[in-house]
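Notes for the structure review
These are the residues of each chain, in order.
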Amino acid sequence: MRGFLHILLAMIVGTAVGGISAIGMIENFGLMAVAGNPHWQERRAGPGEPFSPYSTGYFIEQGRVPPPASARFFVRTTDDDGSLIRGECVYVVGGVPLEARWWTMALGNAQGRFNAIGAADVILEGDGSLRLFIAPYPVPGSRILSPPGSTLTLTYVVHEPQDVDIPVVLPTVKKVSC
Amino acid sequence: MFRFYWFTLFLLTAIASHAAYVLFVPGRTFDDKLVQTVGPDSSNRFLILSSDQAQQLVPASGPSDIVGLCRFDLSKGPVVLQTTPPKGFWTLSVYTETGTQAYALTQSQVGDSFAVELTENPDIIKKFLSAVDATQAEQEAISNEGWRISVSDKKGLAVVWVPLADHVFRTAAEARLKTSRCGPKSAQVSGG
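By convention here, each chain's residues receive numbers from 1 onward along its written sequence. Whichever chain is written first becomes A and whichever ligand is written first becomes 1, with later ones labelled in order. Per-residue local features are limited, in this predicted model, to residues with pLDDT of at least 70; the limit for side-chain atom pairs, both in listing and counting, is 80 or more; totals at the level of whole chains, interfaces and linings are taken over all residues. Side-chain numbers come from the whole structure's heavy atoms, not from hydrogens or water.

1. A short note on the overall build of chain B
Helix and strand definitions here come from DSSP, where helices need a minimum of 4 consecutive H or I residues and strands a minimum of 2 consecutive E residues; each element is numbered from the N-terminal end. In terms of regular secondary structure, chain B is built from five helices and ten strands. A 1.4 Å probe rolled over the protein chains alone gives each residue an accessible area, and that area as a share of the maximum for its type sets the label: buried under 20%, exposed over 50%, partly exposed in between. When each of the 192 residues of chain B is scored for burial, the buried share is 43%. What makes two residues a contact is simply this: any of their non-hydrogen atoms within 4.5 Å. Here the contacts in chain B between residues at least 6 apart in sequence split such that 75% fall between residues at least 24 apart. Here the accessible surface of atoms and residues is derived via Shrake-Rupley with a 1.4 Å probe, and residues count as covered only by protein chains that are part of the display. Accessible area for chain B stands at about 10000 Å²; split by element, carbon and sulfur atoms hold 58% of it.

Right, dumping it as structure tokens:
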């Protein structure tokens, strides 16, 4: 009887450990650091990427298709000071957008709700740089509405980027007010 | 000795449950969510999603983007997707049932209008038979016109994503994409 209980316990714990490790690896295995951009991470989910079942699993488990193979998918959860991006604060996204056929930027919360803005919706500065606000209320200029929720994830998807071999310089996120 | 046995049992159970979760749970969840989004009778038809549906399906898509999709089912033979996307940038991505990307096309690779034939990867016996039967191989080569995509699963998803430069183009762009067709190659293909 005692032996049977040990077998049962080993199987229950094994099942739990296997399932929990799968959830954790699906969440984290497709994420790669972006050289020179400490706050950004790149989520790779192309067919040739290592650990493809994990990286594609991240998207499809949420009911979303992985981004096209020709796109690069960058994410960040913190501003330039290293604090979590929060829905009630105002941020300004600056820098020069990557040379690409198209790009979109989106904010999502834990519930997976997204507000997005595309390349054509953003008015660039005279020097071609980006000045995009993340704010929960209207502000002058281009803006992504902060969805409700305490912490947010900023996603930057670049479709068919040029110069894929050179290191990328991704936009900055500075807190304006809170 | 007994401790080693329990540890081995624990390890094997953990590996099995890990592999089962990674290989089956996301795909099953995706299929369920997709059916909830587009309905159960959406197989082998070309559909244009509403803005909310599109934002649920395509990560980081904008409110003015247009997303068309075909949930293809190859169990009764090849499926043909004919589409005429609006002018400008667009992508076509073909995914297997498990979410693996089988193919991707953009407007820079094809013209204004194109057709894609989706077929299932032949198993090893079919490959052997076509290798020894020259007539069959020739027939396949003759029918191989345009784009032909082989996928490893019987079911999957073809997604056409069109970001728009301006909201005012949406009606015209949607009308153009609505002429797309998706259905079995053997039958008259149906549109959305």
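Now that the structure is up, let's keep going.
2. Observations regarding the sheet that holds strand 7 (residues 130–135) of chain A
Residues and elements named next belong to chain A. Criterion used throughout: strands pair if DSSP finds at least two bridges between them. The strand order across the open sheet built from four strands is 8-7-4-10, with neighbouring strands paired in mixed fashion. Strands with a single pairing partner mark the edges of an open sheet, and in this sheet they are strand 8 (142–145) and strand 10 (172–177). Adjacent strand axes in the sheet meet at a mean angle of 30° when their direction is disregarded. Pairing geometry for strand 4 (residues 90–95) and strand 7, over five bridges, is antiparallel. When the sheet's bridge partners are listed, Gly95 is paired in strand 7 with Leu130. Geometry is summarised by axes, namely lines fitted to C-alpha atoms with helices restricted to the contacting stretch, and by angles between N-to-C directions that run from 0 to 180 degrees.

3. Let's talk about helix 1 (residues 2–28) of chain A
Expected helix span is given by 1.5 Å per residue-to-residue step, counting one fewer step than there are residues. Across its 27 residues, helix 1 of chain A extends 39 Å between first and last C-alpha, which sits within 8% of the 39 Å expected from 1.5 Å per residue. Those residues of helix 1 of chain A not exposed but buried are Ala10(A), Gly14(A), Gly18(A), Gly19(A), Ala22(A) and Ile26(A).

4. Some points on unusual backbone geometry
Of note in the backbone geometry, Glu160(A) takes a positive phi value of approximately 50° without being a glycine. Turning to its location among the elements, Glu160(A) is positioned in strand 9 (residues 153–161).

5. Considering the sheet that holds strand 5 (residues 100–108) of chain A
Residue and element names in this part refer to chain A. Judged by pairing direction, the sheet is antiparallel, and its six strands sit side by side in the order 1-2-3-9-5-6 without closing on themselves. What marks the edges here is a single partner per strand, and that holds for strand 1 (31–34) and strand 6 (114–118). With strand direction ignored, the average angle separating the axes of adjacent strands in the sheet is 30°. Relative to strand 3 (residues 71–76), strand 2 (residues 37–43) is paired through two bridges, and the arrangement is antiparallel. Bridge pairing in strand 3 links Glu42 to Phe74.

6. Things to note about the interface of chain A and chain B
Opposite the 46 residues of chain A that make contact, chain B presents 43 residues. A combined buried area of about 3700 Å² lies between chain A and chain B, and 68% of that area is made up of carbon and sulfur atoms. Salt bridges, as used here, are contacts in which a Lys or Arg side-chain nitrogen is within 4 Å of a carboxyl oxygen on Asp or Glu. Applying the counting criterion to the chain A and chain B interface returns zero salt bridges. Whenever a nitrogen or oxygen atom comes within 3.5 Å of another N or O atom, the pair is scored as a polar contact, on the condition that within protein one atom can donate a hydrogen and the other can accept it, and that pairs from neighbouring residues in sequence are kept only if both atoms are in side chains. Seen at the junction of chain A and chain B, the total is 13 residue pairs in polar contact (both at pLDDT 80 or more). Secondary structure elements with two or more residues in the side of chain A that touches chain B: helix 1, helix 2 (52–61), strand 5, strand 6 and strand 9 of chain A. Three residue categories are used. Nonpolar comprises Ala, Val, Leu, Ile, Met, Phe, Trp, Tyr, Cys and Pro, charged comprises Asp, Glu, Lys and Arg, and polar comprises the others, including Gly. Residue classes in the side of chain A that touches chain B are distributed as 26 nonpolar, 15 polar and five charged. Here the buried area means the combined drop in accessible surface, using a 1.4 Å probe, for two parts upon being joined, counting both sides.

7. Considerations on the packing of aromatic side chains
All names here are of chain A. Side-chain rings of Phe, Tyr and Trp, where Trp is taken by its six-membered ring, are said to pair if the distance between their centres is within 6.5 Å; with planes under 30 degrees apart they count as stacked, over 60 as edge-to-face, and otherwise as tilted. Across all of its chains, the model carries eight aromatic pairs over all chains by this definition. With 5.3 Å between their ring centres and 85° between their planes, Tyr58 and Phe59 make a pair best called edge-to-face. With a relative accessible area of 1%, Phe59 lands in the buried category. Geometrically, the ring pair formed by Trp103 and Tyr156 is edge-to-face, given 5.9 Å between the ring centres and 70° between the ring planes. Placement of the pair is Trp103 in strand 5 and Tyr156 in strand 9, with a sequence separation of 53 residues. According to the relative accessible area criterion, Trp103 is buried, its value standing at 7%. Through a chain of ring-to-ring contacts, the aromatic side chains of Trp40, Phe74, Trp103 and Tyr156 assemble into a single cluster.

8. Regarding a nonpolar patch on the surface
A cluster of nonpolar side chains, contributed by Met1(A), Phe4(A), Leu5(A), Leu8(A) and Ile12(A), occupies part of the molecular surface with about 560 Å² of accessible area. Among the secondary structure elements, Met1(A) is positioned in the segment before helix 1. Each patch groups residues whose relative accessible area exceeds 30% and which form no salt bridge, using 9 Å between like charges and 5 Å between nonpolar side chains of Val, Leu, Ile, Met, Phe, Trp and Tyr.

9. Remarks on the pairing of strand 4 (residues 91–96) of chain B
Residue and element names in this part refer to chain B. Most of strand 4 is tucked away, with six of its six residues classed as buried. The side-chain alternation of strand 4 yields two buried faces, one formed by Thr91, Ser93 and Tyr95 and the other by Leu92, Val94 and Thr96. Both strand 4 and strand 5 (residues 101–106) contribute to a ladder of five bridges, which runs antiparallel. Within strand 5, the position partnered with Tyr95 by the bridge is Gln101.

From the geometry alone we can't say anything about function, so treat these as descriptive.
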